[in-house]
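# Remarks on the overall topology
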Amino acid sequence: MRGFELGAADHASNQKGAASKQQVPPRRLLGLLQQAVAYQIEFSQYHPTTRANVQASGLLDDYSCALLPNAQRGVLRGHAAGVKCVEWVGSGGLLASGGNDHCVRLWNARDHSAVAVMRGHESRVWQLAASSDGRQLASASADGTVRVWGLGERGEAPPPVDAAGLPASEVKPSATLCGHVGDVYSVSLHPSEPQLVSAGYDKTVRLYDLTKSQLVRTLHGHELAVSQVLFNAAGNLVVSAAKDATVRFWDLRSAVCLQSFGRPLGEGRGGGGGGGG
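This one's a predicted model, so the numbers in the text were calculated from it and none came from an experiment. (Residues numbered from 1 in each chain as written. Predicted model: local features only at pLDDT ≥ 70, side-chain atom pairs only at ≥ 80, totals over all residues. Heavy atoms only, no water.)

## Structural notes on the environment of S186
Heads up, the rule is: Secondary structure is summarised from DSSP: a helix means a run of H or I of at least four residues, a strand means a run of E of at least two, and numbering begins at the N terminus for each. Only heavy atoms enter the contact rule, under which two residues are in contact if any of them lie within 4.5 Å. Two N or O atoms form a polar contact when they lie within 3.5 Å of each other; inside protein one atom must be a possible hydrogen donor and the other a possible acceptor, and for residues adjacent in sequence the pair counts only when both atoms belong to side chains.
Here S186 lies in strand β12 (residues 184–189). Along the backbone, S186 and A138 are 48 residues apart, and their C-alpha atoms lie at a distance of 9.9 Å. Filtering out sequence-adjacent residues up to four positions away, S186 remains in contact with Q127, A140, V197, S198, A199, S227, Q228 and V229. A distance of 2.6 Å separates a polar atom in the side chain of S186 from a polar atom in the side chain of Q127.

## Points about the sheet that holds strand β6 (residues 113–118)
Heads up, the condition is: When DSSP finds two or more bridges between two strands, those strands count as paired.
Strand order in the open sheet formed by 5 strands is β3-β4-β5-β6-β10, with mixed pairing between adjacent strands. Looking at the sheet topology across the chains shown, the edges are occupied by β3 (83–89) and β10 (170–171).

## Focus: the packing of aromatic side chains
Rule in force here: Each Phe, Tyr or Trp ring (for Trp, its six-membered ring) is paired with any other whose centre lies within 6.5 Å, and the angle between the two planes then decides the class: stacked below 30 degrees, edge-to-face above 60, tilted in between. Exposure classes here rest on a 1.4 Å probe applied to the protein chains alone. A residue is buried below 20% of its type maximum, exposed above 50%, and partly exposed in between.
In this structure the tally under the stated criterion is 2 aromatic pairs. Pairing W126 with Y185 gives two aromatic rings, centres 5.4 Å apart and planes at 75°, and the pair type is edge-to-face. Taken together, the residues W126 in strand β7 (residues 125–130) and Y185 in strand β12 connect sequence positions 59 residues apart. For Y185, a relative accessible area of 17% gives the class buried.

The structure is reproduced here in structure tokens:
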């Protein structure tokens with residue numbers, strides 16, 4: 001196949017002879033296809049220190065692709081039973097996990113070492129939530145409590161690690177929040193204030209003041225267990241999702257449900273996938 005030319009200027013410029021031109025090598029498209037196949041073969045295994053660049057390439061640029069996770073990097077072992085949840089803590093590469101063994105464990109995700117273990121719950125841990133600065137971690141459990149754990153500066157747990165990579169001591173909860181009847185399925189920390197919101201089997205959403213470890217208010221309205229709850233980015237609203245097929249938006253100051261999606265607030269006409277009032 002003969003090479004062909006691409007003009008960089010318009011037709012008028014070409015007529016004046018001022019156009020800049022680039023020569024496209026013969027069989028260029030076939031060459032790009034071969035490069036793409038070679039990249040897929042090369043990066044079919046995990047390369048922890050290699051990263052391919054993604055560029056807006058033209059016909060004359062060589063092929064490059066993103067390096068995506070495509071192989072197992074490591075395994076964190078330590079839980080004695082099934083793991084229910086994981087949560088990133090801070091920005092230092094720490095990861096927290098909770099499970100059926102009633103424990104919360106903190107890991108260094110970079111070298112896969114155990115950093116700390118947190119015991120205190122009497123049943124499985126359903127969900128974890130970390131503060132934005134990584135100094136606090138909250139856990140929601142089937143024992144009906146939410147426990148808050150202090151992790152120090154930048155999400156670095158206070159207890160040291162021994163030579164075997166096992167926690168030399170345990171982290172004790174800084175607060176135990178009660179009030180729910182039955183499992184606590186979800187927990188969320190306020191983005192800027194010392195507040196925490198939780199939800200669970202008893203169909204309620206509960207707001208706590210962490211400075212006093214006290215229940216501030218209880219939000220009623222869901223007809224079945226509440227499976228998820230979280231603050232919005234501004235921290236003035238709480239969003240809850242429940243097994244009654246609704247998602248509700250709550251104003252924290254007035255404790256009023258501002259809006260509900262799913263089943264209409266008045267209930268009436270059954271079923272429901274539409275928007276609520």
